[in-house]
Amino acid sequence: MSVHPKQNTGGDANKKIIVWLMAIVIGMFGFGFALVPLYNVFCSVTGLNGKTGGQIALPAVLNVDTSREITVEFVATLNENMPWSFYPDVRSVKVHPGEPTRISFYAKNNTNEKIIGQAIPSVAPGLAATYFHKTECFCFTEQTLQAGEEKHMPVVFIIDSDIPKDVNVLTLSYTFFIKPGSEAAVSLAHNSKHQEL
Amino acid sequence: MSAVIEEHHDHHDHKPTGIGRWLFSTNHKDIGTMYLWFSFIMFFIGGALALVIRAELFEPGLQFVEPELFNQLTTLHGLIMVFGVIMPAFVGLANWMIPMMIGAPDMALPRMNNWSFWLLPGAFGLLIASLVMSLMGMGSAPNFGWTFYAPLSTTYGPASTDYFIFSVHMMGISSIMGAINIIATIMNMRAPGMTYMKMPIFVWTWFITAYLLIAVMPVLAGVVTMMLTDRHFGTSFFNAAGGGDPVLFQHVFWFFGHPEVYIMILPSFGIISQIVPTFARKKIFGYSSMVYATASIAFLSFIVWAHHMFTTGMPVAGELFFMYATMLIAVPTGVKVFNWVSTMWRGSLSFETPMLFAIAFIFLFTIGGFTGLMLCIVPADFQYHDTYFVVAHFHYVLVTGAAFGIMAGVYYWIPKWTGNMYDETLGKWHFWLSVISVNVLFFPMHFLGLAGMPRRIPDYSLQFAEFNAVASIGAFVFGFTQLIFLYNVIKTARGKTSVKATSQVWEGAEGLEWTLPSPAPFHSFTTPPQVK
Ligand code: HEM
Ligand SMILES: [Cu+2]
């Protein structure tokens, strides 16, 4: 084939481009996954999505603002297929910012098999979530209930005294999920699939 | 279109015969032809699904399909039209035209070209097989919409979701290989003297589109991989129970999804920028602003994705950022529309079928752009989101935008491909019936959306009945009109039309592709032309 010298059809030039472009492809594949931690960091910094932070230690000096009172409401939800009973022992409490408060939730396993559950917390309004701290919570670990077992599970929380003045009501909600991949999860999901088909 | 007539001008201009010619083809024209036929077949399959949807929606109540099947039909319709029709048609046009437009003998990586085409029938075979199995009563086809939001596609996805994931992986690999090939061709194979700023706009728009593909198809592959591991390997990317977040899915998906919608329009911009100057018999107005506008649209498309997610509970600062960034895209888009109109201004216009489609494109795509602007206003979107208004918006930009651009391109270049002039009378019938029925089909959807009709539902309240009936009538006319197009293409490819095409084809056309004989010889420029 008579190719004009200025036209670069050679294999080397192509190889260089392929290598570069494949590097971008691999980089962008990685970037897709990097979005996961980026998203989580972004949400925990800004408190978006109502994600509350993890466990904190009880501060040595308490800075209680007795001039303000905030109503904290509790919501308990069960994810689909979760065969437990689950509700807060009190519906709501009034607290001063900076004051540690202890409340509890009740859960009962209504089946005759052991079930491992995981509670996921969420705070509304989302922008107040960063001011809501828990020193103790049943959501920090998985909860195992034997067949028919019931228990009261404590939560200890403090609302930061810096919380914006316009927040007067907070809602703390928990959703209990069956631990993904556990035996009960597999057998329950199997049953519900059969109903669908 | 396969009837490329042998031109004896070079000793190595022989071509293989039989099925092997297609299976093992490394020829850019044969591969382009296969892409175009593949897309055409998918167009009719996806269209048939749409007609079932519109038949169901012709009147309130459940007539023909159960809600479960309805969801599968909308899902498959969307996936087939996006990944099986628009994208392969563009790649087909790129294969055919880019080497001829830049004065190259073929694509830079012909064997990869073969492989990227032949992945597609596998990918879509798998996807369509899941629908066929569903119709035979074996499980459900994917039923979560073309946007496959988690947890619908993870926790609640039917077993066939794994087919879907594999199929998306194959389409992704195919697109990435196609894009690499196009970039390598454009960078390495231009004829001497063909500088970047002398390239035809179609080549430019594809060059930029190929970079978009390289950047976002891997993200799509990533998101379906996360779905796969969530479904089967115990991860919890999108599962709140394990610490994940379903909203994260939407971020990753739309980070791919919004650039994807520009992937589906930029090559059409390119086609229109070739056609309008030809039939206005003038040079394109503002060549370099066209190039820069395309590049800025591509850049901006990476920072607007969350306009699909205004109702997920973003902070006000985020909503404002994505709103303004989205509005900004209207500026370079407006530059393009302005340039097309200015190209026509005081031109000596003639209205052959490609030009008719191009003018309709400019007009109707702009309507779609305007509804896009309405949607990107946050408080307004709270009302419009997930209603038929969104459906109207994206069908204006995709059907009367992307698809009309492709049809314009086919009419414009088919004489070069086949050596025969298409039937102009049939072309005009196809155009006028399409342009009227497509508006009867999609315009009422704006009103339905504003009145609050949600999208993706098989049944609706009585007050929506009239507009839905009108839309369905439009749909059937539009659907059957496309058979005229099919007939015209076959007739032209088989040489049954009366007029043979000259190499110039269109009196006002400029560019290297028109210096080649019609039909274009099997190998394009074996000796590179000198571009002044
Ligand atoms: C001026 C340009 C555009 C603007 C401002 C714009 C804006 C928007 C907005 C805000 C939405 C989200 C609506 C909602 O879900 O509530 C949307 C949806 C959509 N747009 Fe556009 N758009 C533009 C151009 C385009 C183009 C050129 C295409 C494709 C060729 C396109 C395709 C789509 C699609 C497919 C959806 C719906 C996705 C889905 O939810 O299924 N848009 N657009
Ligand atoms: Cu978008």
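Owing to the predicted nature of the structure, the values given are computational and were not obtained by experimental measurement. (Residues numbered from 1 in each chain as written. Chains lettered and ligands numbered in written order. Predicted model: local features only at pLDDT ≥ 70, side-chain atom pairs only at ≥ 80, totals over all residues. Heavy atoms only, no water.)

1. Quick notes on the overall build of chain B
And then number 1: Within chain B one finds 15 helices and zero strands.
And then number 2: The globule rule puts the C-alpha radius of gyration for 532 residues at 24 Å, and the 23 Å found for chain B is close to it.
And then number 3: Judged by the C-alpha coordinates and their principal axes, chain B covers about 65 × 50 × 45 Å.
And then number 4: Burial status across chain B gives 64% buried among its 532 residues.
And then number 5: Intrachain contacts of chain B at a sequence separation of at least 6 include 82% that bridge at least 24 residues.
And then number 6: Distance between charge centroids for chain B: 14 Å, based on 22 positive and 25 negative side chains. (Helix = DSSP H or I, 4+ residues; strand = E, 2+ residues; numbered from the N terminus. Rg over C-alpha atoms; globule rule 2.2 N^0.38 Å. Buried < 20%, exposed > 50% of the residue type's maximum accessible area, 1.4 Å probe, protein only. Contact = heavy atoms within 4.5 Å. Lys, Arg positive; Asp, Glu negative; His and termini not counted. Charge placed at Lys NZ, Arg CZ, Asp CG, Glu CD.)

2. A word on the overall build of chain A
And then number 1: The helix and strand inventory of chain A stands at two helices and nine strands.
And then number 2: Starting at the N terminus and walking to the C terminus, you meet the elements of chain A as α-β-β-β-β-β-β-β-β-β-α.
And then number 3: Across the 197 residues in chain A, those meeting the buried criterion constitute 39%.
And then number 4: Of the contacts made within chain A by residues no fewer than 6 positions apart, 76% connect residues no fewer than 24 positions apart.
And then number 5: Of the accessible surface of chain A, which amounts to about 10,700 Å², a share of 58% is contributed by carbon and sulfur atoms. (Areas by Shrake-Rupley, 256 points an atom, 1.4 Å probe, with all protein chains shown as cover.)

3. Structural notes on the packing of helix α3 (residues 67-102) of chain B against helix α6 (residues 201-232) of chain B
Residue and element names in this part refer to chain B.
And then number 1: Between α3 and α6, whose axes approach to 11 Å, the crossing angle comes to 135°. By the angle between their axes, α3 is oblique relative to α6. You can see that α3 and α6 cross each other, and the crossing is left-handed. Here α3 contributes F83, M87, F90, V91, L93, A94, M97, I98, M101 and I102 to the contact with α6, which in turn contributes F202, V203, W206, L213, M217 and L220.
And then number 2: Here the residues of the contact of α3 with α6 sort into 16 nonpolar, no polar and no charged. (Axes fitted to C-alpha atoms, helices over the stretch in contact; angles between N-to-C directions. Parallel < 35°, antiparallel > 145°, perpendicular 65-115°, else oblique. Left-handed = near helix turned anticlockwise from the far one by under 90°. Nonpolar A, V, L, I, M, F, W, Y, C, P; charged D, E, K, R; others polar.)

4. A few points about the pattern of salt bridges
All names here are of chain B.
And then number 1: Across all of its chains, the model carries eight salt bridges over all chains by this definition.
And then number 2: With its nearest N and O atoms 2.7 Å apart, the salt bridge here joins R21 to D30. Of the two residues, R21 and D30, both sit in the buried class.
And then number 3: For E507, the salt bridge is made with R281, and the minimal N-O distance between the two is 2.6 Å. With a gap of 226 residues between them, E507 in the segment after α15 (465-493) and R281 in the loop between α8 (266-280) and α9 (287-300) connect regions that are remote in the sequence.
And then number 4: In this structure R281 comes out as partly exposed when scored by relative accessible area, which is 30%. (Salt bridge = Lys/Arg side-chain N within 4 Å of Asp/Glu carboxyl O.)

5. Brief notes about the site of ligand 1
All names here are of chain B.
And then number 1: Inspection of the region around ligand 1 gives 23 residues, with W146, D381, H385, H393 and R455 positioned closest.
And then number 2: Here an oxygen atom of ligand 1 and a side-chain polar atom of H385 are 2.7 Å apart.
And then number 3: A distance of 2.9 Å separates an oxygen atom of ligand 1 from a polar atom in the side chain of R455.
And then number 4: Residues that form the shell around ligand 1 fall into these classes: 13 nonpolar, eight polar and two charged. (Near = heavy atom within 4 Å. Polar contact = N/O pair within 3.5 Å; in protein donor to acceptor, adjacent residues only side chain to side chain.)

6. A word on the packing of aromatic side chains
And then number 1: Enumeration over the complete set of coordinates arrives at 69 aromatic pairs over all chains.
And then number 2: Ring centres 5.2 Å apart and planes at 50° place the aromatic pair A:F31 and B:F255 in the tilted group. Taken together, the positions of A:F31 in helix α1 (residues 11-46) and B:F255 in helix α7 (residues 246-263) put the pair across two chains.
And then number 3: Seen in terms of ring centroids, B:W146 and B:W254 are 6.2 Å apart; in terms of plane orientation they differ by 85°. Their pairing is edge-to-face. (Phe/Tyr/Trp six-rings, centres within 6.5 Å; stacked < 30°, edge-to-face > 60°.)

7. Some words on the interface of chain A and chain B
And then number 1: Counting from both sides, the interface comprises 34 residues of chain A and, opposite them, 45 residues of chain B.
And then number 2: Counting the surface lost from both chain A and chain B, the interface buries some 3,300 Å², and carbon and sulfur atoms represent 72% of this.
And then number 3: Ranked by residue count, the leading element in the side of chain A that touches chain B is α1(A), at 16 residues.
And then number 4: Of the residues assigned to the side of chain A that touches chain B, the class counts are 21 nonpolar, nine polar and four charged. (Buried area = accessible area lost by both parts, 1.4 Å probe.)

8. Structural notes on the coordination of the copper ion (ligand 2)
Residue and element names in this part refer to chain B.
And then number 1: Looking at the copper ion (ligand 2), the protein donor atoms are H258 (ND1), H307 (NE2) and H308 (NE2), and they sit 1.8 to 2.1 Å from it.
And then number 2: Within one chain, the residues serving as donors to the copper ion (ligand 2) are arranged as H-x48-H-H.
And then number 3: Between the copper ion (ligand 2) and the iron atom of ligand 1, the interatomic distance is 4.6 Å. Taken together, the residues span a long stretch of sequence, with H258 in helix α7 and H308 in the loop between α9 and α10 (316-344) at a distance of 50 residues.
And then number 4: For H258, a relative accessible area of 5% gives the class buried. (Donors = N, O, S within 2.8 Å, 3.2 Å for Na, K, Ca; no water.)

9. Details of the pairing of strand β8 (residues 150-159) of chain A
All names here are of chain A.
And then number 1: Note that strand β4 (residues 101-109) and β8 share eight bridges and pair antiparallel. Pairing of F105 across the sheet is with M153, part of β8.
And then number 2: Across five bridges, strand β6 (residues 132-137) lies against β8 in antiparallel orientation. When the bridges of β8 are listed, C137 appears paired with V155. (Pairing = 2+ DSSP bridges.)

10. A few points about the coordination of the iron atom of ligand 1
Ideal donor angles around a metal are set by the shape: a four-donor tetrahedron calls for 109.5 degrees, a six-donor octahedron for 90 or 180 degrees.
And then number 1: On the protein, B:H393 (NE2) is the one donor atom to the iron atom of ligand 1, at 2.1 Å.
And then number 2: Tracing the chain through its elements places B:H393 in helix α13 (residues 388-418).

11. Overview of a nonpolar patch on the surface
Residues and elements named next belong to chain B.
And then number 1: A cluster of nonpolar side chains, contributed by I19, L23, F24, W115 and W118, occupies part of the molecular surface with about 580 Å² of accessible area.
And then number 2: Taken together, the elements giving at least two residues each to the nonpolar patch come down to α1 (18-23) and α4 (110-135).
And then number 3: Counting through the fold element by element, W115 comes out in helix α4. (Patch = residues over 30% accessible without salt bridge, like charges linked within 9 Å, V, L, I, M, F, W, Y side chains within 5 Å.)

12. Examining α9(B)
Residues and elements named next belong to chain B.
And then number 1: Between its first and last C-alpha, α9 extends 20 Å over 14 residues, near the 20 Å set by a 1.5 Å rise per residue.
And then number 2: Along α9, the positions that sit buried rather than exposed are M290, V291, A293, T294, I297, A298 and L300.
And then number 3: Of the surrounding secondary structure, the elements contacted by the buried residues of α9 are α6, α7, α8 and α10. (Expected span 1.5 Å × (residues − 1).)

13. A look at the packing of α6(B) against α8(B)
All names here are of chain B.
And then number 1: Their axes nearest at 7 Å, the elements α6 and α8 cross at an angle of 175°. Considering the angle they form, α6 stands roughly antiparallel to α8. From α6, I201, F202, T205, W206, I208, T209 and L212 reach across to α8, where they touch L266, P267, F269, G270, I271, S273 and Q274.
And then number 2: Among the residues making up the contact of α6 with α8, the classes are represented as nine nonpolar, five polar and no charged.

14. Let's talk about the nonpolar core
And then number 1: Counting residues in hydrophobic clusters, the biggest one holds 192 residues, and the most contacted among them are B:F83, B:F124, B:F148, B:F164, B:W206 and B:W413.
And then number 2: If you tally residues by element for this core, the top one is α3(B), at 22 residues.
And then number 3: With residues up to four places along the chain from it excluded, the contact list for B:F124 reads B:F38, B:M42, B:L79, B:I80, B:F83, B:G84 and B:M171.
And then number 4: Judged by nonpolar contacts, the second largest core, of 32 residues, contains A:I115, A:V123, A:F132 and A:I163. (Core = buried A, V, L, I, M, F, W, Y, C linked by side-chain atoms within 4.5 Å.)

So far we have only geometry, and geometry alone does not tell us how the molecule works.
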